[in-house]
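Examination of the molecular architecture
What follows is the residue order along each chain.
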Amino acid sequence: MKVVYPVCCGIDVHKSFLIATIITTKAGELTPHYQKKRFSTFNNQILALKNWLLECTCYDVCMESTGKYWVPVSNLLEDVMNVTIANPKWVRAVKGNKDDTKDSKWIAELFRMGLVKGSFIPAKDVRVLREFTRYRTRLVSQRSSEKNRLQNAFTVGNVAMDSVVSDMFGVSSKNVRDYLISTKEFNPNHVLTLLHGRMKPKGQELIDSIEGDHFTNEQILRIQIIEEHKMYLDHSIDFLDYLLAQMVEPYEPAIQLLETIPGLRRQSAVQIISKIGVDMSQFSTSKRLCCWAGLSPSSNESAGKKKSVRISRAGVYLKPALVQCAHAAVKAKEKNPYYRLNYERIYKRRGNKRAIIAIARMMLTAIYHMLSTGEVWNPTDLYKIDRSDNLVQKQKEKAIKQATKFLICEGVLPDDFVRKDLAVST
């Protein structure tokens, strides 16, 4: 096999130490030269590793992405070296013949022959933005959990408000909740004064769902703790939104570009950019990006039989964001029904879940081309949808040309029939 990297290094990274193996292949020699060293994962030892690599004129390094242990090493090496982060499943050694030293040698051997696919590692500013958006996602999830706990606490206390109100956390509902946990004597007339807007006609039904509540002192204390934690999460999320608004200022043109896609709003655009960045040259094609995001079916065929082709587990944060946008896009009935019509077409054959994944992949493909070309969202396969006049005229001309060719082939029209005559008659 052809040697791609004459001098390269494979690193097996662990929590407290790492083992590096440098392979040097000199011209005219069949047997490469190996050098192995062990270092701690402290910064001074990583810098010692860096100096050792520079002394050996090794500027190509490969390591597997084990948890977050590779990040400190990559931070100190990426400024002067070409660091390749490999998925562990592509560099895993054979069971029964592996240890820390052999692992680093095996990684270096594969990398030396160009057999290791590098994982997508965005720039430093995008990685920092990604940390903030991921943390925000976790806080939103925790807030949803607290809302569910609060709603369950009222259900256990014989309060069925959730059967009457559409939002347990609206203004009127919050006033009623605060009143219930702050008083021991229930006054129906006072409850009616706490209702606003569309909740007023439901006043008597709401009172019927509350009367006879049974809260103990301990249950009230638990509800208050949940309320305080939820308020804390609300403030934390608002503060994160404030910080994110400042961090995404350099990406404002890209965000405005992505907002032209139906079902995709600013917060979703920020999440997507924090995952993939704005430089699409790091992905060779849109198919490669969809595969990286876990939206492409797997390839598993043997002896002429296709086995499971389910999508992979990749895209832990990106895939849910795109699926959420897809759900919003297919609900657009009046404005931009493009994704809705595609969803209905796929839903008849493949079902809801596969149709939503297909729409998410369509959206990611559109994002790839939009960020590559700078063009706003304008799908080219619109059919029977409101379009601009020039697109309508272009579609008519194409349909006339195809119809004329078909009629001539069937012998209905003579070969010298002029297409413009058909256009005039149409």
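Attention now moves to the overall build of the chain. Each helix and strand counted, the chain has 17 helices and seven strands in total. Taken against the 2.2 N^0.38 rule, which gives 22 Å for 426 residues, the C-alpha radius of gyration of the chain at 30 Å runs more than 25% over that of a compact globule. Its C-alpha atoms put the chain at 95 × 85 × 50 Å along the principal axes. A buried classification covers 39% of the 426 residues belonging to the chain. Here the contacts in the chain between residues at least 6 apart in sequence split such that 59% fall between residues at least 24 apart. Of the roughly 25,800 Å² that the chain leaves accessible, carbon and sulfur atoms contribute 52%.

The next thing to look at is helix α8 (residues 203–210). Among all positions in α8, only Gly 203, Leu 206, Ile 207, Ser 209 and Ile 210 are buried. End-on, the buried residues of α8 take up no more than an arc of 160°, which puts them together on one face. Turning to α8, the residues buried within the fold contact α6 (171–182) and α7 (188–193). With its phi angle positive at about 90°, Gly 212 sits one or two positions after the end of α8.

With respect to the helices and strands, the residue Pro 320 is situated in helix α13 (residues 318–330). Judged by its relative accessible area of 45%, Pro 320 is partly exposed. It is 10.0 Å that separates the C-alpha atoms of Pro 320 and Ile 357, two residues lying 37 residues apart in sequence.

Cut-off values and rules
- Residues numbered from 1 in each chain as written.
- Predicted model: local features only at pLDDT ≥ 70, side-chain atom pairs only at ≥ 80, totals over all residues.
- Heavy atoms only, no water.
- Helix = DSSP H or I, 4+ residues; strand = E, 2+ residues; numbered from the N terminus.
- Rg over C-alpha atoms; globule rule 2.2 N^0.38 Å.
- Buried < 20%, exposed > 50% of the residue type's maximum accessible area, 1.4 Å probe, protein only.
- Contact = heavy atoms within 4.5 Å.
- Areas by Shrake-Rupley, 256 points an atom, 1.4 Å probe, with all protein chains shown as cover.
- Arc of directions from axis to C-beta.

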